[in-house]
Amino acid sequence: MSFINPNHIPTMPALKPVLPLVLSAVVAAIPLSVLSDALTDSGFDTAIPTVLTPVRLKQPRTEVPASVTVIDRQLIEASGARQLPELFRLVPGTSVGARDGWNYVVSYHGTTHRDSRRMQVMVDGRSVYQAGLATIDWNDIPLALEDIERIEIVRGPDTAAYGANAFLGVINIVTRHPDDSPSLRLRASNGSGHTEDYYGSTSGKFGDSSYRVSANTRRDAGFDSDRDGNDRRDSTNLQLFNGRWEVSPSENWNLDLRAGYKYGQYTDDINTGDLTAADHYVRDWFFSTVSEHFLSPRNSLKWQIDFAGQHDETEWRTCSRAGDIGIPRSVLPRTTLICGDINESGTNQRVDFDLQDTLIGVAPWKLVAGIHAQQQKANSKTYYQGSVERSTYQLFANYEYRFLPQWSFTLGGSQEYADTIGQNFSPRAALLFFPNENHSIRAVYSEAIRTPDLFEVEADWSYTAKDVTFADGSPIPFLGSTVKIPLRAVSPGNLREETISSREFGYYGLWLNRRLQTDVKWFWDELDNLTSSSLSITSFNPRNEGNVDQQGFETEIDFRVTASLRLRGTYALINSSVDHIYSGSFRDYEFTPKKSGSASVIFDFLSSWQLSSNYFYAYAINAQKVSRIDTRLQKSFVVGDGELRAAG
């Protein structure tokens, strides 16, 4: 399987010359007459691209006060990716890794690879961040790649719009509208590593409403072996269901209902002392209601309610020496081997309410403002000895004013209160200069926070062993069948929020009849009060002791040479330095590549063939060089009113 593991990333220098050869072959195959006529092709859409994520407002990319990357439908299909995280290698400055075949980590500008806890990730505006154990579990999102229209990535802090955890950036996954989905779509794929995927969807209209229903299964065997050559046990077997129904009760009112469900299993290695594997049996579900009211041509009111939950059932039988788990010598000799059933099962639930008012003034100004309320709950007898909760409330606003024909000023901010931390204010200010309608230069200053998750501030971690016996299976009468293992980790409860101050100077431009997009960013970020130490039951002491400075440069180029050829490239240079050395300082930048980049080509030829290739490299992630190339060849056939595609 072609996964990247930050704990074992092989160096593949032989791949480095492959991309130039691919690009050269593609370009050489294009007649010069085609290239010369490309810019006059009237079939090309010359509209300025729009995005909606940075300030919660749909606007041209030339007017956005942030660096944004868009992974559109064509890129998603041509990538050949099986899972969401694989796509983010196309985003400059973004690190992608996997601790297991199913356990991905994605982070903009890296920092620690322990958890994906410094990025806000949303699906249609619904956060999928799991506050209970501080992570984004990418496989637990009940969404198939085929149902995604595009992905917008805000490369930089955006707490001013989305609150805490939009710390390093925001990923907003926008799903396909039912009206834009095929009425029937079926896909089946099979590959090495026992890869076996199936997908089916149907969409249509019912009166004044539109609907889409999808089902997807994913199976694979994960990595073949670990760094020592031992067999890995990290397979995946998932079933996903997703649905969307939209109706317009009146001309000025849209109602959108979305729901999803996922269940399945991840296998896990049998570690020292384990008699059975700590496999994960998982269930995830969500339901969203989105209502948008158009009060006037210049004013709209939108509200959204989200319910989401995740349940992970993980139980296994293990054996250990009495002394290693804290049983006193007066009870049992230290070397006595005892066995029992333990678990790390848990449930996360969250409810979000979001209300947004958008006002486009008659003068050259725009205002987006609203409130957001969130309740999070985690339940685990192992990690919390029961249930813990947190409530968060946010006020946000973003004001944009075009004070001269070529100048614009944006001011935004978020006031947030969390009952486990207190109040925080996160501002953003930006000044934009427009030489003309196709180019903009931006200067942005922003501050953001990441509030400690429930595990960091509320953990009461210990194990209770059931059905306890000696190694030969005989009972231990003076201990009983249920034993509370003396090892215990309790959160100190005094953590503060992590903070970042970000300065950005950037340029976005459209060239050659808007076929060529360029984005350039220089940045200087100061990250303070980081909590990056590894947390284990024998060493649980989260502290705000990390301080990192990051300076660098990023660029992204997207060139639609002709209607049949698209070239795309990214590059990022990040210099990281810690203010002082402490025990966990390496973790503050271990997942940050000093240099990274990607290059892509999508070429349609002979009317029904498509060749696409993506190359990615990073130096270095976790002190290792990483490189990878994905190449895909597709042939299309017309079958009645539909189309059949065969690809490898």
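The structure presented is a predicted model; accordingly, all values stated were derived computationally and were not measured. (Residues numbered from 1 in each chain as written. Predicted model: local features only at pLDDT ≥ 70, side-chain atom pairs only at ≥ 80, totals over all residues. Heavy atoms only, no water.)

1. Here's the deal with the overall build of the chain
Scanning the chain from N- to C-terminus turns up 5 helices and 36 strands. The C-alpha radius of gyration computed for the chain amounts to 26 Å, which stays within 12% of the reference 26 Å derived for 648 residues, consistent with globular compactness. Considering only C-alpha atoms, the chain reaches an extent of 85 × 55 × 50 Å along its principal axes. Residue burial in the chain is summarised as follows: out of 648 residues, 56% are buried. Contacts in the chain between residues far apart in sequence, at least 24 positions, make up 63% of those at least 6 positions apart. Carbon and sulfur atoms provide 56% of the accessible area of the chain, an area that totals close to 27300 Å². (Helix = DSSP H or I, 4+ residues; strand = E, 2+ residues; numbered from the N terminus. Rg over C-alpha atoms; globule rule 2.2 N^0.38 Å. Buried < 20%, exposed > 50% of the residue type's maximum accessible area, 1.4 Å probe, protein only. Contact = heavy atoms within 4.5 Å. Areas by Shrake-Rupley, 256 points an atom, 1.4 Å probe, with all protein chains shown as cover.)

2. A word on the pairing of strand 20 (residues 365-380)
With 14 bridges connecting them, strand 19 (residues 346-360) and strand 20 associate as antiparallel partners. What sits directly across from V351, in strand 20, is Q375. Connecting strand 19 to the antiparallel partner strand 20 that follows it, the hairpin turn spans 4 residues. With 16 bridges joining them, strand 20 and strand 21 (residues 386-404) adopt antiparallel strand pairing. Note on strand 21: the bridge partner recorded for A369 is A397. Linking strand 20 to strand 21, which pair antiparallel, is a turn of 5 residues; within it Q385 sits at a positive phi near 60 degrees. (Pairing = 2+ DSSP bridges.)

3. Overview of the sheet that holds strand 27 (residues 483-484)
Reading across from one edge, 17-18-26-27 is the order of the 4 strands in this open sheet, with antiparallel pairing throughout. The open sheet has two edge strands, strand 17 (315-321) and strand 27, and neither has a second partner.

4. A short note on the state of the cysteines
A covalent bond between the sulfur atoms of two cysteines is referred to as a disulfide. Counted by the stated rule, this structure contains 1 disulfide. One disulfide in the model links C319 with C339; its S-S distance is 1.9 Å. Here C319 and C339 share a disulfide; its torsion about the S-S bond, 100 degrees, makes the bridge right-handed. Here C319 is found in strand 17, whereas its partner C339 is found in strand 18 (residues 337-343), with 20 residues between them in sequence. Residues C319 and C339 agree in their burial class; the two are buried. (Disulfide = S-S within 2.5 Å.)

5. A short note on the side chain of T410
Locating T410 in the fold gives a position in strand 22 (residues 407-418). Using a relative accessible area of 2% as the deciding quantity, one classes T410 as buried. Not counting the four nearest positions on each side in its chain, T410 is found in contact with P65, N398, Y399, E400, R428, A429 and A430.

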